[in-house]
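Take a look at the letters that make up each chain.
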Amino acid sequence: MATRLEPAARRDQILAATLRLVARDGFARVTLRDVAAEVGVVHGLIRHYFPTREQLMAEAFDAAVLAELEGDEEVAERVEPVEALADWLTTTPRDHYFVWIDAWSEAHRNPELLAALTRHHRDCERRLARIIERLAESGRGASADPAADAKILTALVDGLAVQHHAIDLIDRAEADRVVFTAAEERLGLERGTLAASRPTAARGQWAAAGAAAGARAVVASGPAEHRGRGIR
């Protein structure tokens, strides 16, 4: 018998279980019955909180990305701009990108997931544009249109992530080398500047297993403190 929980705690438990299954099996294969079995409750209880599978998938993705983006604001606004740019552009862990890649493939079948995905993609571009603005303001680089530069670099990072994580066409070192070179050329940075900052992935990370209760436990809540300001 499932432990009785307050509604908010049960809702978070369901979202966390959904994300564990999605990270393992993908959005398309996860059913409400799968989630019920993962939580250890009857199928009807899942429908009480999430009437449709589409709603559950979208809200699980939304909750996880919101947890990720909390830490991204630190990078966009407070970390030194060269280091922030390198940390933002460097390859993120496989579990993180697998969920995003799978969301892209599922979104055309789930309007609610598509809306969440679109909203978060635009927010990521906005944060990267802010890093580029700060880079230009610092005099370390240049950008006539930070928003356009952010769109181009985001598209490059996402494309390289598919090649690296989904089909193993390139390794992490090559992915970083390609995007760093492109960013340096586009933003007027000296060749090798980004790699020299010893970047560590600053965008949020998905965790497929071992989560505690609550959707926030399924993903790391954002970057650890940046170099010189704490433990990474």
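Procedures and definitions
Residues numbered from 1 in each chain as written. Predicted model: local features only at pLDDT ≥ 70, side-chain atom pairs only at ≥ 80, totals over all residues. Heavy atoms only, no water. Helix = DSSP H or I, 4+ residues; strand = E, 2+ residues; numbered from the N terminus. Expected span 1.5 Å × (residues − 1). UniProt positions renumbered as here; feature names shortened; annotations may be inferred. Contact = heavy atoms within 4.5 Å. Polar contact = N/O pair within 3.5 Å; in protein donor to acceptor, adjacent residues only side chain to side chain. Phe/Tyr/Trp six-rings, centres within 6.5 Å; stacked < 30°, edge-to-face > 60°. Buried < 20%, exposed > 50% of the residue type's maximum accessible area, 1.4 Å probe, protein only. 1 Å grid on protein atoms, 1.4 Å probe; cavity = no way out; pocket = protein on both sides within 12 Å on 5 of 7 lines; lining within 4 Å. Points joined across faces, edges and corners; volume = space filled by probe spheres on them. Nonpolar A, V, L, I, M, F, W, Y, C, P; charged D, E, K, R; others polar.

In the nomenclature of an unreviewed UniProt entry, the chain is known as Transcriptional regulator of Agromyces bauzanensis.

Compared with the 40 Å implied by 1.5 Å per residue over 28 residues, the 41 Å span of helix H7 (residues 111-138) between its first and last C-alpha is a close match. The first or second residue beyond H7 is Gly 139, which carries a positive phi of 85 degrees.

Let's shift gears to the UniProt feature "DNA-binding region" (unreviewed entry) in the chain. The positions UniProt marks with the feature "DNA-binding region" (unreviewed entry) are residues 31-50. Secondary structure content for residues 31-50 is 75% helix and 0% strand, and the end C-alpha separation is 12 Å.

Another aspect to go through is the environment of Thr 91. Topologically, Thr 91 is positioned in the loop between helix H5 (81-89) and helix H6 (94-107). Expressed as a C-alpha distance, the spacing of Thr 91 and Ala 175, which sit 84 residues apart in the sequence, is 7.0 Å. The contact partners of Thr 91, leaving out residues within four places of it in the chain, are His 164, His 165, Arg 172, Ala 175, Asp 176 and Ala 201. Polar contacts involving the side chain of Thr 91 include one to the side chain of Asp 176, which spans 2.8 Å.

Another point: the packing of aromatic side chains. Scanning all chains against the criterion turns up two aromatic pairs. Considering the side-chain rings of Phe 27 and Phe 61, the 6.2 Å spacing of their centres and the 65 degrees angle between planes classify their relative orientation as edge-to-face. Remark: Phe 61 occurs in helix H4 (residues 53-77) and Phe 27 occurs in the loop between helix H1 (7-25) and helix H2 (32-39); sequence separation between them is 34 residues. Looking at Phe 27, the relative accessible area reads 1%, which means it is buried. Owing to a relative accessible area of 0%, Phe 61 belongs among the buried residues under this scheme. Here Phe 61 and Trp 100 contribute two aromatic rings whose centre-to-centre distance is 5.2 Å and whose plane-to-plane angle is 75 degrees, an arrangement assigned as edge-to-face.

Next up on the list: empty space enclosed by the protein. Empty space among the atoms can be located by rolling a probe the size of a water molecule over them. Evaluated as defined, the whole model comprises four cavities of 30 Å³ or more. Along its surface, the largest cavity is lined by 14 residues, and Leu 89, Thr 90, Thr 91, Val 157 and Ala 161 are the ones closest to its centre. When residues of the lining of the largest cavity are traced back to their parent elements, those giving at least two are H5, helix H8 (146-166) and helix H9 (172-187). Of the residues forming the lining of the largest cavity, the biggest block, four residues, is contributed by H8. Within the lining of the largest cavity, the residues separate by chemical class into eight nonpolar, four polar and two charged.

Secondary-structure assignment places His 120 in helix H7. At 2.6 Å, the side chain of His 120 forms a polar contact with the side chain of Asp 62.

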